[in-house]
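Letter by letter, the chains look like this.
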Amino acid sequence: MQVTLIRHGKTAGNLLGRYVGRSDVPLCEEGIADAERCRKDFEKRAVFVSPLLRARMTASILFPNAAQRVIEDLKEMDFGAFEGRTAKEMEHDPAYRKWVDDLCEGACPGGESQEGFRKRVVSAFTEALKTADGDATFVVHGGVIMAVMAELAEPKRAFYEYQVQNLCGYSADVAWKNGAPTLLNARPFAPERPDGGTRSLS
């Protein structure tokens with residue numbers, strides 16, 4: 001069994017560097033155009049998606065004939081009071097500075113901690129995989145991909161080493177042990193650029 005995790009296309013907030021977690025925003029025009037260029041010439045019967053619009057729009061463009069299986073707990077992290085703001089806008093906010101100084105692991109004011117987020121996402125991902133009919137494709141969020149890979153991929157790598165750009169992600173082989181998945185042979189991928197080159201994941 002193989003799994004593919006794809007980050008949704010660009011939103012206006014992504015272009016501006018804003019923390020976009022629970023805000024239910026659409027793809028921007030550039031995000032739609034990018035996704036249309038990445039549309040594949042093969043069929044998928046079903047894809048797992050976050051309930052947020054940007055993930056569902058991306059899945060609709062990439063896999064127009066696939067049924068979408070919405071997984072509620074694959075939403076992006078809840079950034080609480082930091083939602084919709086940029087790092088620049090919060091550079092003098094003591095709550096934000098403390099969160100950053102703690103490596104962004106504590107709870108955002110009014111939001112989630114990284115630990116709680118990771119547990120939520122990995123549990124939802126695992127349960128979804130158990131229902132997959134063959135290989136599984138997920139169209140989700142950058143943070144969701146980071147959480148899944150950091151918790152389940154082997155060999156282990158740090159959470160932030162799994163950051164991906166829009167429409168990028170990972171494919172991996174799934175091995176099961178005692179009802180829990182392990183992701184092996186993880187392979188990063190990036191869509192082709194209009195000039196025929198490949199977008200960097202760095």
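A. Fine view of the nonpolar core. One finds Val 3, Leu 74, Trp 99, Phe 125, Phe 138 and Leu 183 to be the most contacted residues of the largest nonpolar core, which totals 42 residues. Taken together, the elements giving at least two residues each to this core come down to β1 (2–7), α4 (94–101), α5 (114–130), β4 (136–140), α6 (142–152) and β5 (169–177). Top element by residues in this core is α6. It accounts for eight residues. In this structure Leu 74 touches Ser 50, Arg 120, Val 121, Ala 124, Phe 125, Phe 138, Val 140, His 141 and Val 144, once residues within four positions along its chain are discounted. The next biggest cluster of nonpolar side chains, apart from the first, holds 13 residues, and it includes Ala 35, Cys 38, Val 49 and Ile 61.

B. Main features of the side chain of Arg 120. Position of Arg 120 relative to the elements: it lies in helix α5. Of the polar contacts made by the side chain of Arg 120, one reaches the side chain of Glu 112; its length is 2.8 Å. Those residues within four positions of Arg 120 in sequence are excluded, and the remaining contacts are Arg 22, Asp 73, Leu 74, Lys 75, Glu 76, Met 77 and Glu 112.

C. Fine view of unusual backbone geometry. Residue Pro 155 follows Glu 154 across a cis peptide bond; omega there is 0 degrees. Positionally, Pro 155 belongs in the loop between α6 and β5. Positive phi, normally seen in glycine, also occurs at Cys 104, with a value near 60 degrees. Within the element layout of this structure, Cys 104 appears in the loop between α4 and α5.

Conventions used here
- Residues numbered from 1 in each chain as written.
- Predicted model: local features only at pLDDT ≥ 70, side-chain atom pairs only at ≥ 80, totals over all residues.
- Heavy atoms only, no water.
- Core = buried A, V, L, I, M, F, W, Y, C linked by side-chain atoms within 4.5 Å.
- Buried < 20%, exposed > 50% of the residue type's maximum accessible area, 1.4 Å probe, protein only.
- Helix = DSSP H or I, 4+ residues; strand = E, 2+ residues; numbered from the N terminus.
- Contact = heavy atoms within 4.5 Å.
- Polar contact = N/O pair within 3.5 Å; in protein donor to acceptor, adjacent residues only side chain to side chain.

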